[in-house]
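What follows is the residue order along each chain.
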Amino acid sequence: MEPLSLVLVLVPNQKISLPLLKKKKVELHIKREDLIHPQISGNKYRKLKYNLLKAKELKYDTILTFGGAYSNHIAATAYAGKKDRMKTLGVIRGEELAGSWTSNPTLSAANKQGMKFKFVSRADYRKKETAAFYNNLKAEFGNFYLVPEGGTNKLAVKGCEEILTQKDSEFDVICCSVGTGGTLAGIINTATPNQRVIGFPALKGDFLRKDICKFVENGNWELYTDYHFGGYARVDESLISFINEMNQNHEIPLDPVYTGKMIYGILDMIANDFFKPKTKILAIHTGGLQGIAGMNLYLKSKNLPIIDI
């Protein structure tokens with residue numbers, strides 16, 4: 001089994017054809033990072049690559065990280081750890097999950113890849129970056145290589161700097177959904193000076209700007225916070241319908257937390273003449289498709305339409 005860190009990744013840019021784009025004379029292409037791997041896809045692959053190399057360099061055999069019930073990062077870390085023959089530990093937000101995680105599609109899949117869990121209360125989870133919390137984990141689990149929630153650190157940003165290729169310099173605008181900001185930071189660092197980078201946060205507010213600034217020096221970027229649909233993991237029927245139409249008409253599956261909202265936002269901005277005619281846009285598909293199964297469980301519980309898989 002070839003180690004994750006040695007896999008050569010080349011993904012296509014898929015051009016989208018829509019009457020709106022033709023009318024506005026704007027081009028939209030999607031970089032299909034979701035095709036990297038069924039489970040270790042998109043930015044999760046990029047963020048883990050150099051962290052796994054560093055863990056091996058430092059002689060660690062265990063990766064510990066954090067996440068919620070349907071975390072893409074948790075799922076990807078479990079698969080990547082098994083592929084690179086490393087043990088994985090997941091500190092999971094929500095102590096109530098300790099008795100029900102086997103019915104959770106993300107956690108059960110991660111466990112099948114060998115990941116072990118520690119479930120903590122939401123109050124304790126908020127303390128995860130404190131020295132006391134870290135020392136308690138060390139006392140319980142011994143030595144481990146720690147990867148932050150969402151995977152963002154300097155090595156993750158380094159991996160995300162490999163998303164754009166020389167060929168992508170033909171685009172005027174690069175768009176990316178934003179969770180913790182690491183992926184956008186990598187893109188900002190490698191975008192050309194004449195390119196405009198736009199981030200679409202999945203969370204309410206503009207607080208991510210400070211986190212992103214820790215990793216970047218270039219100023220050719222901005223955040224647009226109008227397309228979070230009420231906040232992280234919040235959806236409505238219009239978004240679900242849009243995601244299903246994109247899959248049916250263009251064979252591009254989008255996740256409801258990140259890429260679905262970003263593509264919806266880009267097309268809405270195009271419709272409202274945000275971009276000048278002849279603008280060429282490249283949107284980064286950051287993967288995250290494993291989370292659809294969990295979202296569909298929630299949608300079914302609310303008697304809402306589900307996302308086609």
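Note that this is a predicted model, so its numbers are computed, not measured. (Residues numbered from 1 in each chain as written. Predicted model: local features only at pLDDT ≥ 70, side-chain atom pairs only at ≥ 80, totals over all residues. Heavy atoms only, no water.)

Undergrad: Tell me about the pattern of salt bridges, and name the residues and values.
TA: Note that side chains of opposite charge can pair when their charged atoms are close. Overall, the coordinates contain 15 salt bridges when judged by the stated rule. Two residues, K49 and E162, come together in a salt bridge whose shortest N-O distance is 3.1 Å. Here K49 is found in helix α2 (residues 42–57), whereas its partner E162 is found in the loop between α7 (154–160) and β7 (173–178), with 113 residues between them in sequence. Of the charged contacts, one joins R196 and E222 as a salt bridge, the two residues approaching to 2.5 Å between their closest N and O atoms. Remark: E222 occurs in strand β9 (residues 221–223) and R196 occurs in strand β8 (residues 196–201); sequence separation between them is 26 residues. Within this structure, R93, K128 and E149 form a network of salt bridges that share partners. (Salt bridge = Lys/Arg side-chain N within 4 Å of Asp/Glu carboxyl O. Helix = DSSP H or I, 4+ residues; strand = E, 2+ residues; numbered from the N terminus.)

Undergrad: Report on the side chain of K128, specifying residues and quantitative values.
TA: Within the secondary structure, K128 sits in the loop between α5 (122–125) and α6 (131–141). For K128, a relative accessible area of 14% gives the class buried. A polar contact of 3.2 Å, which involves the side chain of K128, links it to the side chain of E149. Contacts of K128, omitting those with residues within four sequence positions, involve F66, F133 and E149. (Buried < 20%, exposed > 50% of the residue type's maximum accessible area, 1.4 Å probe, protein only. Polar contact = N/O pair within 3.5 Å; in protein donor to acceptor, adjacent residues only side chain to side chain. Contact = heavy atoms within 4.5 Å.)

Undergrad: Before we move on, could you go through the environment of T165 and cite the residues and values that matter?
TA: Mapped onto the elements, T165 comes out in the loop between α7 and β7. In this structure, the C-alpha to C-alpha distance between T165 and L137, residues 28 residues apart in sequence, is 39 Å.

Undergrad: An account of the packing of aromatic side chains is requested, with residue identities and associated values reported.
TA: Taken as a whole and assessed by the stated rule, the structure comprises 12 aromatic pairs. Arranged with centres 5.7 Å apart and planes meeting at 70°, the rings of Y134 and F144 form a pair that is edge-to-face. Here F144 lies in the loop between α6 and β6 (145–146) and Y134 lies in helix α6, a separation of 10 residues in the sequence. Among the residues examined, Y134 registers a relative accessible area of 31% and is labelled partly exposed. With a centroid separation of 5.0 Å and an interplanar angle of 80°, the aromatic rings of F229 and Y264 are classed as edge-to-face. Remark: Y264 occurs in helix α11 (residues 259–271) and F229 occurs in the loop between β9 and α10 (237–250); sequence separation between them is 35 residues. Following the ring pairs from residue to residue traces out a cluster consisting of F66, Y125 and F133. (Phe/Tyr/Trp six-rings, centres within 6.5 Å; stacked < 30°, edge-to-face > 60°.)

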